[in-house]
Amino acid sequence: MGVKNIAYSGLVHGCRAVASLFMDVPRAPEKHACFPVRVEAVEDLAPRLRRITVEGPGLRTYRPSGPDEYFGLVIPPRGCSLVLPRAKGLNIRAELDAIDKADRPELRWYTVRRHDAERGRLTFDVVTHGESGPGSAWALHAQRGDEVGIRTMTSTWRRKAGGQLLVADPTSAPAMRGILEACTGEELAATHVRIAASSPDLLEPGYDSFRSELASYKEHFVPEGAEAAAVADALRRGGKLAVAYAWLCGEASLAKETRKVVIKEWGVPRTDVLFSGYYRRR
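What counts, and where the lines are drawn
- Residues numbered from 1 in each chain as written.
- Predicted model: local features only at pLDDT ≥ 70, side-chain atom pairs only at ≥ 80, totals over all residues.
- Heavy atoms only, no water.
- Salt bridge = Lys/Arg side-chain N within 4 Å of Asp/Glu carboxyl O.
- Helix = DSSP H or I, 4+ residues; strand = E, 2+ residues; numbered from the N terminus.
- Buried < 20%, exposed > 50% of the residue type's maximum accessible area, 1.4 Å probe, protein only.
- Phe/Tyr/Trp six-rings, centres within 6.5 Å; stacked < 30°, edge-to-face > 60°.

Visitor: Sorry, what's going on with the pattern of salt bridges here?
Guide: Should their charged atoms come close, side chains of opposite charge can pair. Scanning the model with the defined rule gives 20 salt bridges in all. We note a salt bridge from arginine 121 to glutamate 55, for which the minimum N-O separation is 2.8 Å. On the criterion of sequence distance, the pair formed by arginine 121 in strand S7 (residues 121–127) and glutamate 55 in strand S3 (residues 49–55) is long-range, its members being 66 residues apart. Judged by relative accessible area, arginine 121 falls into the buried class, the value being 19%. Taking relative accessible area as the criterion, glutamate 55 reaches 30% and is therefore assigned partly exposed. As a salt-bridge pair, glutamate 181 and arginine 113 come within 2.9 Å of each other at their nearest N and O atoms. With glutamate 181 in helix H5 (residues 173–182) and arginine 113 in the loop between strand S5 (106–111) and strand S6 (114–116), the pair connects residues that are 68 residues apart, well separated along the chain. When its relative accessible area of 42% is taken as the criterion, glutamate 181 is described as partly exposed.

In structure tokens, the structure reads:
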């Protein structure tokens with residue numbers, strides 16, 4: 001995930017925990033696993049989007065709980081061996097803090113794009129923004145054989161009867177694509193998609209391939225930092241959509257501003273709105 005000039009804060013994980021108190025989300029697993037994997041392949045999908053495939057025995061028994069499953073990528077300091085935290089509960093930050101500072105890995109959250117249990121492989125996409133963040137820096141230098149860790153987590157999307165609204169930016173676009181791939185034709189016909197980005201260079205090629213099957217589809221290519229206002233304003237101008245559920249994910253302000261429209265202005269019950277800030281822009 002990520003774009004330039006942003007600060008990561010693990011918001012996706014924190015919001016998932018809070019969401020379970022106020023929203024109807026899939027049940028969180030009682031236990032989490034943390035295991036090593038090695039980079040198997042690296043591919044550039046777009047100028048600022050890199051796809052990485054990792055492989056390891058732990059991925060043979062790993063079972064994602066939903067189409068927008070996310071996980072923690074445990075990144076060792078450059079030039080150091082991987083030291084994994086002990087997966088005890090939900091507080092992985094405390095688990096990381098227990099590791100000696102010299103060996104302490106970084107943690108960044110990503111969405112499962114593909115999982116092949118038989119081959120023990122997992123694929124995910126990283127939006128790169130230079131060396132300004134650990135995830136982007138790691139992805140830019142990733143090579144086959146590099147060792148990292150996987151900290152399993154959970155998913156957030158809930159299948160519901162009736163229309164749905166999906167709002168995404170480049171960081172949440174892989175999750176939204178997974179949701180669309182999991183929907184039936186009938187569900188797609190009742191789905192409204194809104195996606196915002198500063199450039200198509202941040203999105204997987206073919207991100208709009210479901211356009212003709214959807215109830216409506218709109219993309220907003222606007223200057224960086226203007227995504228939230230662009231989508232929220234467009235939703236207001238377009239009038240209330242007939243939706244029973246909304247999934248609003250991406251940069252924190254995008255999730256927050258579109259949530260205001262859906263809950264306060266359209267009257268969709270807050271329990272039927274999943275919103276999650278994947279990161280917060282400075």
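So that's the structure; there's more coming.
Visitor: Would you explain the packing of aromatic side chains in this entry?
Guide: Given two aromatic rings, one states the distance between the centres and the angle between the planes to describe the pair. Tallied over the entire structure, the rule returns 4 aromatic pairs. Plain terms: the ring middles of tyrosine 70 and tryptophan 109 are 5.7 Å apart, the flat faces sit at 75° to each other, and that makes the pair edge-to-face. In this pair, tyrosine 70 sits in strand S4 (residues 70–75) while tryptophan 109 sits in strand S5, placing the two residues 39 residues apart along the sequence. Taking relative accessible area as the criterion, tyrosine 70 reaches 2% and is therefore assigned buried.

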